[in-house]
Amino acid sequence: MSDVAELYERLRKLQEPKGYFFNADRARTEELLEALLVNKKRYGYMACPCRLASGDREWDRDIACPCLYREPDVKEFGSCYCNLYVSTAWNERTIPRPYVPERRPPRGRPPSIHAARTADVSARRSNRALACSRPRAGCRSRT
């Protein structure tokens, strides 16, 4: 059995009793599971494959799969952001399949995730913004 197949079975057994099902598009599901395994090798944890992870487990705690946003996304839209976890109604096409908007706050995390780090993070961001002279990965110019 491949790593992807093992992960599929392990997560299916854990998540289906909670009311979360894999996308019926098996190819899409396997692609996302493969990306989770890549992220686990890369970062040491399974960061959401549809979001940019930092490599800092604590910082990315809200996007470790299943992410913090899965429950409200599936409740409201029938699917999580990347369409890995869905409701039965979504799989059966008995509800609309709108685009699921990003819930993760831009350039930050919900206070419940990193309350102790808020002041430190704000200070680092401020310093980084001042030091940013040209656009590059992870840095936006303020022009």
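Preceding this section is the structure that the text describes.
Residues numbered from 1 in each chain as written. Predicted model: local features only at pLDDT ≥ 70, side-chain atom pairs only at ≥ 80, totals over all residues. Heavy atoms only, no water.

**Here we look at the nonpolar core**
Among soluble globular proteins, nonpolar side chains are generally buried collectively. Within the largest apolar cluster, 24 residues are counted, with the highest numbers of intra-cluster contacts made by Leu7, Phe22, Leu33, Leu36, Leu84 and Tyr85. When contributions to this core are tallied by element, the ones reaching two or more residues are α1 (3-15) and α2 (26-43). Sequence-distant contacts of leucine 33, that is, excluding residues within four places in its chain, are made with Val4, Leu7, Tyr8, Leu11, Phe22 and Leu84. (Core = buried A, V, L, I, M, F, W, Y, C linked by side-chain atoms within 4.5 Å. Buried < 20%, exposed > 50% of the residue type's maximum accessible area, 1.4 Å probe, protein only. Helix = DSSP H or I, 4+ residues; strand = E, 2+ residues; numbered from the N terminus. Contact = heavy atoms within 4.5 Å.)

**Here we look at the pattern of salt bridges**
For side chains bearing opposite charge, pairing can occur when the charged atoms are close. On inspection of all chains with the given rule, the structure shows 10 salt bridges. Between glutamate 9 and arginine 12 there is a salt bridge; the shortest N-O distance is 2.7 Å. Of the two residues, glutamate 9 and arginine 12 both sit in helix α1, three residues apart, roughly one turn of that helix. Given a relative accessible area of 25%, arginine 12 falls into the partly exposed group. (Salt bridge = Lys/Arg side-chain N within 4 Å of Asp/Glu carboxyl O.)

**A closer look at the packing of aromatic side chains**
Summed over the entire model, instances satisfying the criterion amount to three aromatic pairs. Ring geometry for phenylalanine 22 versus tyrosine 85: centroids 5.4 Å apart, planes at 20°, classification stacked. Here phenylalanine 22, found in strand β1 (residues 21-22), pairs with tyrosine 85, found in strand β2 (residues 85-86); they are 63 residues apart in sequence, far enough to count as distant. An identical accessibility class is assigned to phenylalanine 22 and tyrosine 85; each is buried. Of the aromatic side chains, those joined through ring pairs into one cluster are Tyr8, Phe22 and Tyr85. One residue, arginine 26, lies across the ring of tyrosine 8, its end atom 3.8 Å from the ring centre. Over the ring of tryptophan 90 we find arginine 97, and its NZ or CZ is 3.6 Å from the ring centre. (Phe/Tyr/Trp six-rings, centres within 6.5 Å; stacked < 30°, edge-to-face > 60°. Lys NZ or Arg CZ within 6 Å of the ring centre and 35° of its normal.)

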